[in-house]
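Each chain, letter by letter, is given below.
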Amino acid sequence: MTKRSLILAAAFLLAHIAVLLPFVPLLAVLPTALGMVSMTSMALSLVLAARWRVVDRITGGPDKSYVAHRWLGFLALAGALGHWGTATSLGAGLVPGLGDAVEEVGTLAASGLLTLSAAAMIRAIPYHLWKASHMLMGPVFLVAAFHTVFVSSPAALGLVPWAIMAGASGLGVLAWAQTLIRKVAPSRLVTVERVVLFDGGGDVTLRAEGKLRAFRPGQFATLAHNRARAEAHPFTIAGGDDTSRRFIIRSAGDWTRSLVDTVQVGDKLRLGRGVGRFLPQTGATRREQLWVAGGVGITPFLAALDRMQPDDGAPVTLIYCTRSRATAGGLACVERHAARLPQVRLIVLSDRNRGGLTAARLQGWMAEMAPACDVYLCGPEGLKALVSEVWAGAGKSGRIHSERFDFRGAYGLTDLIYIGQSMLDSARRTGQTHAPSRS
């Protein structure tokens, strides 16, 4: 957990405390604030899950929404546990006769949130079971909203904080309803036209009978089996025209492995629209760019190369890191595009012959690039970290663009370790600062 994340979390809690101070007895401020933090975090998390376009634009793209969704989940859980352990009754409640029942409902909501969060941390649970359990967060929120609205009255809590909580509850319910509606919304039926398998994945081209909505190189779309309420998974678009879409899919999990193993020409799938804000520049007026891809991370750049035309604009350096040619889906297409585009410099690296990417190699290539060169990264987190570190060390000012999609990371054990480690480090530094001198 970064210092920036800790500061934002602290500011979020302090904002709730500031709202409550004029209305709530001092001893009840922190327990009540923790409950408010839990509710507003859950509501905002549901808003992000609803994938409203304006929210995606504000957050900087769907991947940023996923990251915010994860941390809001941590805040919701921490706030619920803190409130559960410290809160006492405040007023008679909106309906006095429901007092005891409303408090029991709050306990039920906290227990449900804790149980579902624990289940989300266990990656051994198959994806479809994890996804089904995660969808139960909606009903848990409904229970928590009932507790929030009826556990106190405007007279006891104060009209302003009570109205904020009622509004947050209503917004969360609306977002959850939107999520359910989206799951049954119609999508385009497409037919598998071409399948090329490679070591560890498949190159799949889909064709629609009519014109598809346009996409921009770097965006992704969801794919689902053609059956009622089938689970949709996102994949970066590797190319396509008005009626086709191409995807290079790695067998990374149970769903993708099953798709790659069973997909055949003629199969019917459901295709979502192109979304996302990871958009490499392809026009002649672009700035100089460095593209770095690892494995199937080549897909957004393949779509960009497919869209590019030969020109004398700023150069583009593409570094494609693979384990071997056998595992490099789409490599032949990348090489063909590089051959026809004089503005593109292609560097293919293979780990198999100790020819992988190193800091020294990066430093040599980056030394030749303009200070304001933009960087686009798509691949494993380790690859992104290496490039980002070397780029910062080279003193470049160009922006680094990357996306992060980890559905099983909504709550992750590694994140808990980071949080715990950050707290321990802070406590250790505080103890050292206040320790008496031995001199």
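Residues numbered from 1 in each chain as written. Predicted model: local features only at pLDDT ≥ 70, side-chain atom pairs only at ≥ 80, totals over all residues. Heavy atoms only, no water.

## Section: the environment of Trp 52
For Trp 52, the location among the structural elements is in the loop between helix H2 (26-49) and helix H3 (53-59). The exposure class of Trp 52 is partly exposed, given its relative accessible area of 23%. C-alpha of Trp 52 to C-alpha of Pro 62: the two residues are 10 residues apart in sequence and 9.7 Å apart in space. Not counting chain neighbours up to four residues away, the residues in contact with Trp 52 comprise Val 47, Leu 171, Leu 174, Ala 175 and Gln 178. (Helix = DSSP H or I, 4+ residues; strand = E, 2+ residues; numbered from the N terminus. Buried < 20%, exposed > 50% of the residue type's maximum accessible area, 1.4 Å probe, protein only. Contact = heavy atoms within 4.5 Å.)

## What to know about the packing of helix H11 (residues 299-307) against helix H12 (residues 331-340)
Two elements in contact, H11 and H12, have axes whose closest approach is 10 Å; the angle formed by their N-to-C orientations is 35 degrees. For the pair H11 and H12, the crossing hand works out as left-handed. Within the contact between the two elements, H11 uses Leu 302, Leu 305 and Asp 306 and H12 uses Cys 333, Val 334, His 337 and Arg 340. Looking at side-chain class alone, the contact of H11 with H12 contains four nonpolar, one polar and two charged residues. (Axes fitted to C-alpha atoms, helices over the stretch in contact; angles between N-to-C directions. Left-handed = near helix turned anticlockwise from the far one by under 90°. Nonpolar A, V, L, I, M, F, W, Y, C, P; charged D, E, K, R; others polar.)

## Describing the pairing of strand E5 (residues 244-250)
As a general feature of sheets, a regular strand has side chains that alternate between the two faces. Of all seven residues that make up E5, six are buried, and the element is covered over most of its length. Note that strand E2 (residues 201-207) and E5 share seven bridges and pair antiparallel. Paired with Gly 202 across the two strands is Ile 249, which belongs to E5. In the sheet, strand E4 (residues 233-239) pairs with E5 via two bridges, with the strands oriented antiparallel. In the strand pairing of E5, Ile 237 is matched with Phe 247. The loop that links E4 with its antiparallel partner E5 comprises four residues; one of these, Gly 240, has a positive phi angle of about 145 degrees. (Pairing = 2+ DSSP bridges.)

## Some remarks on the sheet that holds strand E6 (residues 268-271)
Taken in spatial order, the six strands of this closed barrel run E1-E2-E5-E4-E3-E6, and their pairing is antiparallel. Taken over all neighbouring pairs, the strand axes of this sheet differ in orientation by 45 degrees on average, direction set aside. By the bridge criterion, seven bridges tie strand E1 (residues 188-198) to E2 in an arrangement that is antiparallel. For Val 195, the partnering residue across the bridge sits in E2 and is Val 204. Taken strand by strand, H11 contacts E4 and E5, and its axis lies near 35 degrees from that of E4.

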